[in-house]
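Summary of structural features
Here are the chains, one letter per residue:
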Amino acid sequence: GQQLNQSPQSMFIQEGEDVSMNCTSSSIFNTWLWYKQDPGEGPVLLIALYKAGELTSNGRLTAQFGITRKDSFLNISASIPSDVGIYFCAGQGRETSGSRLTFGEGTQLTVNP
Amino acid sequence: NAGVTQTPKFQVLKTGQSMTLQCAQDMNHEYMSWYRQDPGMGLRLIHYSVGAGITDQGEVPNGYNVSRSTTEDFPLRLLSAAPSQTSVYFCASSRTGPFDSPLHFGNGTRLTVT
């Protein structure tokens, strides 16, 4: 099946710092999605990317669909305490059906005030 | 708006017991799915449905059954619980599919099998 590798697995940063995390795939992906999970809740969609090279922002968040179509990154600028949570990349590869979404292992973010 | 409602929030089962995790959505979404979340493994798809009367297997379907008799409900059945099924289970729905429209997740059911 599809393999998604997210890094880093965890990050501990100070409030105000910028954060970068990325996701790589063993095969070409058609769609990249970034979700955030707050403690005790289900994930919520942050950003969706549909074209190679696409760069999309959502407030302090910026994500890019890699040119090779095998990777994506998410940046958070000027982090704040409510950024704490688990960030997941997810996507659809060429080999999977249009109804199956594959998730990465997640990046656990801790922000110290 | 209720969104996606999962019940129960917590459950403890003994090995071999059966139970049903309930999931209901009030957004008239066609697509519904079940994931399990284990530490360090992200979210893995168990089963999904693209509409009432249609279900299909995900990555890790063994030990689980689903049915979709109505648009609103998508219950997940564990026929004979095993310790390996200890996990947090999430139900999610979207208007059409997980790539065309955002997945809306419930708040999860934490299951422990002893």
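So, here's what we can say about the structure. Keep in mind it's a predicted model, so treat the numbers as computed, not measured.

Reading the values: rules and limits
Residues numbered from 1 in each chain as written. Chains lettered and ligands numbered in written order. Predicted model: local features only at pLDDT ≥ 70, side-chain atom pairs only at ≥ 80, totals over all residues. Heavy atoms only, no water. Disulfide = S-S within 2.5 Å. Helix = DSSP H or I, 4+ residues; strand = E, 2+ residues; numbered from the N terminus. Buried < 20%, exposed > 50% of the residue type's maximum accessible area, 1.4 Å probe, protein only. Phe/Tyr/Trp six-rings, centres within 6.5 Å; stacked < 30°, edge-to-face > 60°.

Moving on, we come to the state of the cysteines. Residue and element names in this part refer to chain A. Applying the stated criterion to the full structure yields 2 disulfides over all chains. The disulfide bridge from Cys 23 ends at Cys 89, spanning 1.8 Å between sulfur atoms. Here Cys 23 is found in strand β3 (residues 19–25), whereas its partner Cys 89 is found in strand β9 (residues 85–93), with 66 residues between them in sequence. For the pair Cys 23 and Cys 89, one class covers both residues: buried.

With that out of the way, let us pick up unusual backbone geometry. Excluding glycine, residues mostly carry a negative phi; peptide bonds, for their part, are mostly trans. Omega for the bond connecting Ser 7 of chain A with Pro 8 of chain A falls within 30 degrees of zero, at -5°, which places this linkage in the cis form. Its place among the elements puts Pro 8 of chain A in the loop between β1 (4–7) and β2 (10–14). Even without being glycine, Asn 28 of chain B reaches a positive phi, approximately 60°. Within the secondary structure, Asn 28 of chain B is located in the loop between β3 (19–25) and β4 (31–38). Residue classification places Asn 28 of chain B among the exposed residues on the basis of a relative accessible area of 54%.

The next subject is the packing of aromatic side chains. Under the defined criterion, the tally for this structure stands at 10 aromatic pairs over all chains. Here Phe 29 of chain A and Trp 32 of chain A contribute two aromatic rings whose centre-to-centre distance is 4.8 Å and whose plane-to-plane angle is 20°, an arrangement assigned as stacked. Phe 29 of chain A sits in the buried class, given a relative accessible area of 0%. With a centroid separation of 5.9 Å and an interplanar angle of 80°, the aromatic rings of Tyr 35 of chain A and Phe 105 of chain B are classed as edge-to-face. Of this pair, Tyr 35 of chain A sits in strand β4 (residues 29–37) while Phe 105 of chain B sits in strand β10 (residues 104–105), which puts the two residues in different chains. The exposure class assigned to Phe 105 of chain B is buried, which follows from its relative accessible area of 11%. A network of ring pairs unites the aromatic residues Tyr 35, Phe 88 and Phe 103 of chain A together with Tyr 35, Phe 90 and Phe 105 of chain B as a single cluster.

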